[in-house]
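# Report on the structure
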Amino acid sequence: MIVAIDGPSGTGKSSTSKAVAAKLGLSYLDTGAQYRAMTWWMLSNGIDVDDASAVAMAADKPVIVSGTDPGAPTVTVDGVDATGPIRTQAVTAAVSAVSAVPEVRARLVRLQRAAAASAPEGIVVEGRDIGTTVLPDATVKIFLTASPEARAARRNGELKGMEATSLQATREALVKRDAADSGRAASPLAKADDAVEVDTTELTLEQVVECVVTLVEERTSR
Ligand SMILES: Nc1ncnc2c1ncn2[C@@H]1O[C@H](COP(=O)(O)OP(=O)(O)OP(=O)(O)O)[C@@H](O)[C@H]1O
Ligand SMILES: Nc1ccn([C@@H]2O[C@H](COP(=O)(O)O)[C@@H](O)[C@H]2O)c(=O)n1
């Protein structure tokens, strides 16, 4: 059982994937966290993330390990817990440049396919190219969307008390990252032809989870 959940930033992929995996007793893999972990390592080791050749040469160096428990997802880099550091603004601003480098993608796609193959009961994998490239034979493919306004409001809700970021600035940053992720040559953000698109703009998280669980149950009872 492989459930692929793709979509632009802030559409609810992580929240939905974790809840669906927990409900169905499946493992969970956050592939965005792996690209963030790679980016954090590049920044920490003084690699110029805008120099694609330098990033490509270093892509095999960090040892990235993802925990696949939906109740406590983790990622370590060279044995160090990177769960917190990968969420900083510096990493978010640099990750699209790093993830566009084919050598980075080749390395992480190998890890992602290995995680899917070794999940005992099956897995929910979320990202940008899971349905199109990483696991094209997934049992169910979902493509989540939401308006940029809704996504920005959700993100700003998370930031309350941390950083004073305006809704407009958050919206612009989301749209910019989506454009970079959709526009790259290597495995861009895209909906697979056989994915079910779910617009979450007017839905609560619980409604989205229910919708995905129903789709999985329908597909697997055939
Ligand atoms: N349907 C929903 N309604 C309201 N808020 C939601 C909904 N889905 C997710 N959220 C909230 O929106 C925020 C972003 O969700 P989440 O991190 O799951 O998105 P994402 O697609 O994984 O983002 P990214 O690609 O940037 O990692 C979180 O605060 C989450 O609680
Ligand atoms: N399959 C994927 C997943 C992610 N990316 C890149 O990582 C960035 C961070 O992802 P989040 O889900 O944590 O926001 C994302 O903007 C992409 O650049 C990817 O390329 N492929």
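Because the structure is predicted, anything quoted here is derived from the model rather than measured.

Cut-offs and rules
- Within every chain, residues take consecutive numbers counted from 1 along the sequence as written.
- All chains are assigned letters beginning at A, and all ligands numbers beginning at 1, according to the order in which they are written.
- Local features in this predicted model are restricted to residues whose pLDDT is 70 or higher, and side-chain atom pairs enter the listing and the counts only when it is 80 or higher, whereas totals over whole chains, interfaces and linings include all residues.
- Only hydrogens and water are set aside when side-chain values are computed; all heavy atoms of the structure are taken into account.
- In this analysis, strands are considered paired if DSSP registers two or more bridges between them.
- Elements are defined by DSSP. Helices are runs of H or I of four residues or more, strands are runs of E of two residues or more, and each kind is numbered from the N terminus.
- Contact definition: two residues touch when any of their heavy atoms are within 4.5 Å.
- An axis is simply a line fitted to the C-alpha atoms; with a helix, the fit covers only the stretch in contact. Between two such axes, the angle follows the N-to-C directions and lies from 0 to 180 degrees.
- UniProt positions are given in the numbering used here, feature names are shortened, and annotations may be inferred rather than shown by experiment.
- Per-residue accessibility, obtained with a 1.4 Å probe over protein chains only, is compared with the maximum for each type, and a residue is labelled buried under 20%, exposed over 50%, and partly exposed between these values.
- A single heavy atom is enough: if one lies within 4 Å of a molecule or strand, its residue is considered near that molecule or strand.
- The method behind every accessible area is Shrake-Rupley, applied with a 1.4 Å probe, and residues are considered shielded solely by the protein chains displayed.
- In this count, Pro and Cys sit with the nonpolar residues alongside Ala, Val, Leu, Ile, Met, Phe, Trp and Tyr, while Asp, Glu, Lys and Arg are called charged and the others, Gly among them, polar.
- Two N or O atoms form a polar contact when they lie within 3.5 Å of each other; inside protein one atom must be a possible hydrogen donor and the other a possible acceptor, and for residues adjacent in sequence the pair counts only when both atoms belong to side chains.
- Put simply, a nonpolar core is a bunch of buried Ala, Val, Leu, Ile, Met, Phe, Trp, Tyr and Cys residues held in one set by side-chain atoms that sit within 4.5 Å of each other.

### Focus on the sheet that holds strand 5 (residues 80-81)
The 3 strands are arranged 3-4-5 in an open sheet whose pairing can be described as antiparallel. Strands at the two margins of the open sheet, each flanked by one partner only, are strand 3 (64-67) and strand 5. In this sheet, strand 5 lies alongside strand 4 (residues 74-77) in antiparallel orientation, the contact comprising 2 bridges. Each bridged residue has a counterpart across the sheet, and for Val77 the counterpart in strand 5 is Val80. Across the sheet, helix 2 (residues 31-44) touches strand 3, strand 4 and strand 5, and the angle it forms with strand 4 is around 30°.

### A word on the UniProt feature "binding site: ATP" (unreviewed entry) in the protein
The UniProt entry lists Gly7, Pro8, Ser9, Gly10, Thr11, Gly12, Lys13, Ser14 and Ser15 under the feature "binding site: ATP" (unreviewed entry), expressed in the numbering used here. Among the secondary structure elements, Pro8 is positioned in the loop between strand 1 (2-6) and helix 1 (13-24). Residue Pro8 is classed as buried on the basis of its relative accessible area, which comes to 14%. In contact with Pro8, not counting residues within four places along its chain, are Lys13, Arg128, Phe143, Leu144, Arg151, Asp178 and Leu189. With respect to the helices and strands, Gly10 occurs in the loop between strand 1 and helix 1. Filtering out sequence-adjacent residues up to four positions away, Gly10 remains in contact with Arg151, Arg154 and Arg155.

### Observations regarding the site of ligand 2
Neighbouring residues of ligand 2: 16 residues in total, closest Arg36, Ser99, Arg105, Asp129 and Asp181. Considering ligand 2 on its own, with 460 Å² of exposed area, one finds that the protein chains cover 97% of that surface. Put simply, the parts of the chain that give the shell around ligand 2 at least two residues each are helix 2, helix 4 (89-99) and helix 8 (167-183). Looking at the shell around ligand 2 element by element, the count peaks at 4 residues for helix 2. Partitioned by chemical class, the residues of the shell around ligand 2 number 3 nonpolar, 5 polar and 8 charged.

### Quick notes on the site of ligand 1
Close to ligand 1 lie 17 residues; Lys13, Ser14, Ser15, Arg155 and Glu158 are nearest. Within the side chain of Ser15, an N or O atom sits 2.5 Å from an oxygen atom of ligand 1. At a separation of 3.5 Å, a nitrogen atom of ligand 1 approaches a polar side-chain atom of Arg154. Here ligand 1 loses 80% of its free accessible area of 630 Å² to cover by the protein chains. For the shell around ligand 1, the secondary structure elements donating two or more residues are helix 1, helix 7 (148-159) and helix 9 (205-220). For the shell around ligand 1, the class distribution of residues is 4 nonpolar, 7 polar and 6 charged.

### Things to note about the environment of Ala117
Structurally, the position occupied by Ala117 is in helix 5 (residues 102-118). Residues Ala117 and Thr68, 49 residues apart in the sequence, show an inter-C-alpha distance of 12 Å.

### A closer look at the nonpolar core
Membership of the largest hydrophobic core comes to 34 residues, with the highest contact counts inside it found for Met38, Met42 and Val104. Only helix 2, helix 3 (52-58), strand 4, helix 4, helix 5, strand 6 (123-127) and helix 6 (130-134) provide two or more residues apiece to this core. If one sorts the elements of this core by residue count, helix 2 sits on top with 6 residues. Judged by nonpolar contacts, the second largest core, of 17 residues, contains Tyr28, Ile142, Val212 and Leu215.

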